[in-house]
Amino acid sequence: MTNKVFVSTASFKSLPAFETIKILSDVGINCFELSAGKFHAKNINKIKEFQGINYHLHNYFPPPEIPFVINLASMNDKIYDQTFKHILKCIDLSKALGCKYYSFHAGFVVDIKVKDIGVKTTSKNFFDRNKCMQKFINSVIKLSNYAKKNNITLLIENNVMKKTSYDYLGKNTTLMADPEEIDFVMNRVPKNIKFLLDVAHLKVSSNILNFDLSEAYDRIKNFVSAYHLSDNDGMNDTNDPITEKSWFMDKLKKDAFFYTIEVYKEDPKVLLQQLNLVKSQILDD
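Residues numbered from 1 in each chain as written. Predicted model: local features only at pLDDT ≥ 70, side-chain atom pairs only at ≥ 80, totals over all residues. Heavy atoms only, no water.

**Some remarks on the pairing of strand 3 (residues 54-58)**
Residues in a regular strand point their side chains to alternate faces of the sheet.
(1) Moving on: The element strand 3 is extensively covered by neighbouring structure, given that four of its five residues are classed as buried.
(2) Moving on: As paired strands, strand 3 and strand 4 (residues 101-105) are joined by two bridges and run parallel to one another. Residue pairing in the sheet places L57 in a bridge with Y102 of strand 4.
(3) Moving on: Once you follow strand 3 into helix 3 (residues 77-96) and on to strand 4, the crossover reads as right-handed. (Buried < 20%, exposed > 50% of the residue type's maximum accessible area, 1.4 Å probe, protein only. Helix = DSSP H or I, 4+ residues; strand = E, 2+ residues; numbered from the N terminus. Pairing = 2+ DSSP bridges. Right-handed = clockwise from strand over helix to strand, strands pointing away.)

Rendered as structure tokens:
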């Protein structure tokens, strides 16, 4: 059970993943979700040098030298092709690193600009939502076949509709931010595709898109196979530390594939404390 709790390398966004692993392994953390961070040409080779470390890959890893925003629902052929090829490479890398899982975000009905990541979406080149949804589902089906051949389990993460973006755009530009779309997609993809619940995303989206958080969780909980864990003020996805009073703590399944601490706090002691808090919550009584 204890090796199912991971810390995201996105905690140290300014560093390449291997440097983050070195810093955090020195305080006793040995399970990492490889995600985001700074580009480094030798990132993978240096990661392979570590011993006794468990990994899985998430979304935008390894970060490319020339950044782009992953969008498996894009109607822009260049961005879609980049996204699809990136995910195929991530499946290959997962296999090479001995990982079991690779997770990625649900798509968007706009192509987000790199400079807008983590701030607010300013793109207004809106695509048809139904066409985006169908393209996303069809793409997941194709990827599921490739992942199955390579013994990698794929997980889709629910998106977040942040207040800053919603206030600027006046509409929901994300797929799978609400329980209806999560339900819709998960009932239409192959059984080897699982669901990664980002509890912070669901919290923000419930306020911005006006749905009940507890009712939403109850509706989608049977799909949940893994978690991303952080907290926020309910308006924007700020990746704050979790506490014993965080809304999801007494709802966590104890049999999930993994639990990732996705707290953006460049403090090894804080991240270790966060990891131990989750371990104490999910360990059998």
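**Some details on helix 6 (residues 179-186)**
(1) Moving on: Counted residue by residue, helix 6 has six buried out of eight residues, so it is predominantly covered.
(2) Moving on: For helix 6, the full list of buried residues reads P179, E181, I182, D183, V185 and M186.
(3) Moving on: Its buried side turned inward, helix 6 meets helix 4 (129-149), strand 5 (153-157), strand 6 (193-198) and helix 8 (213-220).
(4) Moving on: Looking at where helix 6 begins, the residue whose side-chain oxygen comes 3.2 Å from the main-chain nitrogen of E180 is D178. (Contact = heavy atoms within 4.5 Å. Polar contact = N/O pair within 3.5 Å; in protein donor to acceptor, adjacent residues only side chain to side chain.)

**Section: the sheet that holds strand 4**
(1) Moving on: Ordered in space as 1-2-3-4-5-6-7-8, the eight strands form a closed barrel in which the pairing is parallel. Strand-to-strand twist in this sheet, taken as the mean axis angle between neighbours without regard to direction, amounts to 30°.
(2) Moving on: In terms of strand pairing, strand 7 (residues 224-229) meets strand 8 (residues 258-261) through four bridges, oriented parallel. Each bridged residue has a counterpart across the sheet, and for L229 the counterpart in strand 8 is I261.
(3) Moving on: Across the sheet, helix 3 is in contact with strand 3, strand 4 and strand 5; its angle to strand 4 comes to roughly 160°.
(4) Moving on: Those strands touched by helix 7 (residues 199-208) are strand 5, strand 6 and strand 7, and its axis lies near 65° from that of strand 6. (Axes fitted to C-alpha atoms, helices over the stretch in contact; angles between N-to-C directions.)

**Some points on unusual backbone geometry**
(1) Moving on: A cis amide bond links F61 to the next residue, P62, at an omega of 0°.
(2) Moving on: Of note in the backbone geometry, N151 takes a positive phi value of approximately 60° without being a glycine.
(3) Moving on: On the secondary structure map, N151 appears in the loop between helix 4 and strand 5.
(4) Moving on: Overall, N151 belongs to the exposed group, its relative accessible area being 66%.
(5) Moving on: One non-glycine residue, N239, lies in the positive phi region at around 55°.
(6) Moving on: Considering the arrangement of structural elements, one finds N239 in the loop between strand 7 and strand 8.

**Some points on the packing of aromatic side chains**
(1) Moving on: According to the stated counting rule, one finds nine aromatic pairs in the structure shown.
(2) Moving on: Look at Y60 and F68: their rings are 5.9 Å apart centre to centre, the planes differ by 75°, and that puts the pair in the edge-to-face class. The pair Y60 / F68 is uniform in exposure class, with both members buried.
(3) Moving on: Arranged with centres 5.9 Å apart and planes meeting at 90°, the rings of W247 and F248 form a pair that is edge-to-face. For the residue pair W247 and F248, the accessibility class agrees, reading buried in each case.
(4) Moving on: Its end group placed over the ring of F126, K171 keeps NZ or CZ at 4.3 Å from the ring centre.
(5) Moving on: Directly above the ring of F184 sits R188, whose terminal nitrogen or CZ lies 3.7 Å from the centroid. (Phe/Tyr/Trp six-rings, centres within 6.5 Å; stacked < 30°, edge-to-face > 60°. Lys NZ or Arg CZ within 6 Å of the ring centre and 35° of its normal.)

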